[in-house]
Amino acid sequence: MALAEPTNIFTSEVAGRGTQQGGSLIPKGCRIRPAKQPGELPCNSGARTGFHLHTSISMHTYPRLFRSATLLGLLSLGLLAPAVRAEDAKPAPAAPASAITPIYTQMETSEFITLTKATLEALAAGKKEAMVAKLTDLETAWDEKENALKPRDEKRWTTIDKTLDKAISALRSSKYNAPKGKAALELLIKEIAESTKP
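Residues numbered from 1 in each chain as written. Predicted model: local features only at pLDDT ≥ 70, side-chain atom pairs only at ≥ 80, totals over all residues. Heavy atoms only, no water.

Draft legend 1. Representation of the overall build of the protein chain in the model. A tally of helices and strands in the protein chain yields seven helices and three strands. Each of the 198 residues in the protein chain was classed as buried or not, and the buried ones make up 29%. (Helix = DSSP H or I, 4+ residues; strand = E, 2+ residues; numbered from the N terminus. Buried < 20%, exposed > 50% of the residue type's maximum accessible area, 1.4 Å probe, protein only.)

Okay, here's the thing in structure tokens:
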């Protein structure tokens, strides 16, 4: 009775040695029978031979093993992890600088603001004598209130005082510099306003 060839197993004769089946050499005297399970060698012989029989793997098993190995490799490399969004990679914005705490009342600083604006108006109109007079009045008013304002925040008071000195140096000295004096007066208004309670 003829034996059926096993599925997916290729059989060929190897001269003088035995039968080549699915990549494994079946020695002579080994009775060929159909493989019951994929990968099982079709041999019934229990006799010891000089050959080491290797279990053949079904041809359908290779693609599955390859796909599994590839998937595990990709996962281990992190290639399948979700990409980090561009906005998540951006550095966090810097914290805003702390706001200046007002320490003076409007009654205390209103005169400084009025005289500084009057000095700017005279400077813009080209009235140098009037501008110098207003600037001198501003300096006098500021110095008169030094004892009352400076102890509250010496650092803040010193900052404003230096800005006033820059305006005086630019507008009331031999080295007259209108643009520099204008910038100093505008900064003076800003610093006084920031230090005044609403």
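After that view of the structure, there is still more to cover.
Draft legend 2. Structural view of the environment of Thr-101. Summarising the element assignment, Thr-101 is placed in the loop between α2 (86–89) and α3 (106–124). The sequence separation of Thr-101 and Ser-195 amounts to 94 residues, and the corresponding C-alpha distance is 6.7 Å.

Draft legend 3. Region of the structure containing the packing of α3 against helix α4 (residues 128–144). Interhelical geometry of α3 versus α4 gives an angle of 165° and a closest axis separation of 8 Å. Here α4 runs roughly antiparallel to α3, going by the angle between their axes. Viewed along their axes, α3 and α4 form a crossing whose handedness is left-handed. Across the interface between the two elements, Glu-111, Phe-112, Leu-115, Thr-116, Ala-118, Thr-119, Ala-122 and Leu-123 from α3 touch Ala-130, Met-131, Lys-134, Leu-135, Asp-137, Leu-138, Ala-141 and Trp-142 from α4. For the contact of α3 with α4, the per-class residue count stands at eleven nonpolar, two polar and three charged. (Axes fitted to C-alpha atoms, helices over the stretch in contact; angles between N-to-C directions. Parallel < 35°, antiparallel > 145°, perpendicular 65-115°, else oblique. Left-handed = near helix turned anticlockwise from the far one by under 90°. Contact = heavy atoms within 4.5 Å. Nonpolar A, V, L, I, M, F, W, Y, C, P; charged D, E, K, R; others polar.)

Draft legend 4. View of helix α7 (residues 178–194). Its 17 residues give α7 an end-to-end C-alpha distance of 24 Å, which sits within 8% of 24 Å, the value for a rise of 1.5 Å per residue. All of the buried residues in α7 are Gly-181, Ala-184, Leu-185, Leu-188, Ile-189, Glu-191 and Ile-192. Buried positions along α7 lie against α3, α4 and α6 (154–171). If you check the start of α7, you find a side-chain oxygen 3.0 Å away from the backbone N of Lys-180, and it comes from Asn-177. (Expected span 1.5 Å × (residues − 1). Polar contact = N/O pair within 3.5 Å; in protein donor to acceptor, adjacent residues only side chain to side chain.)

Draft legend 5. Here's a closer look at the packing of aromatic side chains. Following the criterion strictly, the structure yields two aromatic pairs and no others. With centroids separated by 5.1 Å and ring planes inclined at 70°, the aromatic side chains of Phe-112 and Trp-142 adopt a geometry described as edge-to-face. With Phe-112 in helix α3 and Trp-142 in helix α4, the pair connects residues that are 30 residues apart, well separated along the chain. Across this residue pair, the class does not change: Phe-112 and Trp-142 are buried. Taking the centre distance of 5.5 Å and the plane angle of 10° together, the rings of Trp-142 and Trp-157 count as stacked. Here the residue Trp-142 occupies a position in helix α4, and Trp-157 occupies one in helix α6, the gap between them amounting to 15 residues. Aromatic ring contacts, followed pair by pair, group Phe-112, Trp-142 and Trp-157 into a single cluster. Directly above the aromatic system of Tyr-176 lies the positively charged group of Lys-128, at a separation of 4.2 Å from the ring centroid. (Phe/Tyr/Trp six-rings, centres within 6.5 Å; stacked < 30°, edge-to-face > 60°. Lys NZ or Arg CZ within 6 Å of the ring centre and 35° of its normal.)

Draft legend 6. Up close: a negative patch on the surface. A grouping of Glu-111, Asp-137, Asp-143, Glu-144 and Asp-165 is seen on the molecular surface, where their side chains present a negatively charged patch. Ranked by residues supplied to the negative patch, first place goes to α4 with three residues. The class of Glu-144 is exposed, set by a relative accessible area of 63%. (Patch = residues over 30% accessible without salt bridge, like charges linked within 9 Å, V, L, I, M, F, W, Y side chains within 5 Å. Areas by Shrake-Rupley, 256 points an atom, 1.4 Å probe, with all protein chains shown as cover. Salt bridge = Lys/Arg side-chain N within 4 Å of Asp/Glu carboxyl O. Lys, Arg positive; Asp, Glu negative; His and termini not counted. Charge placed at Lys NZ, Arg CZ, Asp CG, Glu CD.)

Draft legend 7. Inspection of the side chain of Arg-156 at higher detail. Looking at the element boundaries, Arg-156 is found in helix α6. Residue classification places Arg-156 among the buried positions, given a relative accessible area of 16%. Not counting residues up to four positions away in its chain, the partners in contact with Arg-156 are Ile-100, Thr-101, Ile-103, Tyr-104 and Ser-195.

Draft legend 8. Looking closely at α6. Its 18 residues place the ends of α6 26 Å apart at the C-alpha level, agreeing with the 26 Å of an ideal helix rising 1.5 Å per residue. Listed as buried for α6 are Arg-156, Trp-157, Ile-160, Asp-161, Thr-163, Leu-164, Ala-167, Ile-168, Ala-170 and Leu-171. On its buried side, α6 packs onto α3, α4, α5 (146–149) and α7.

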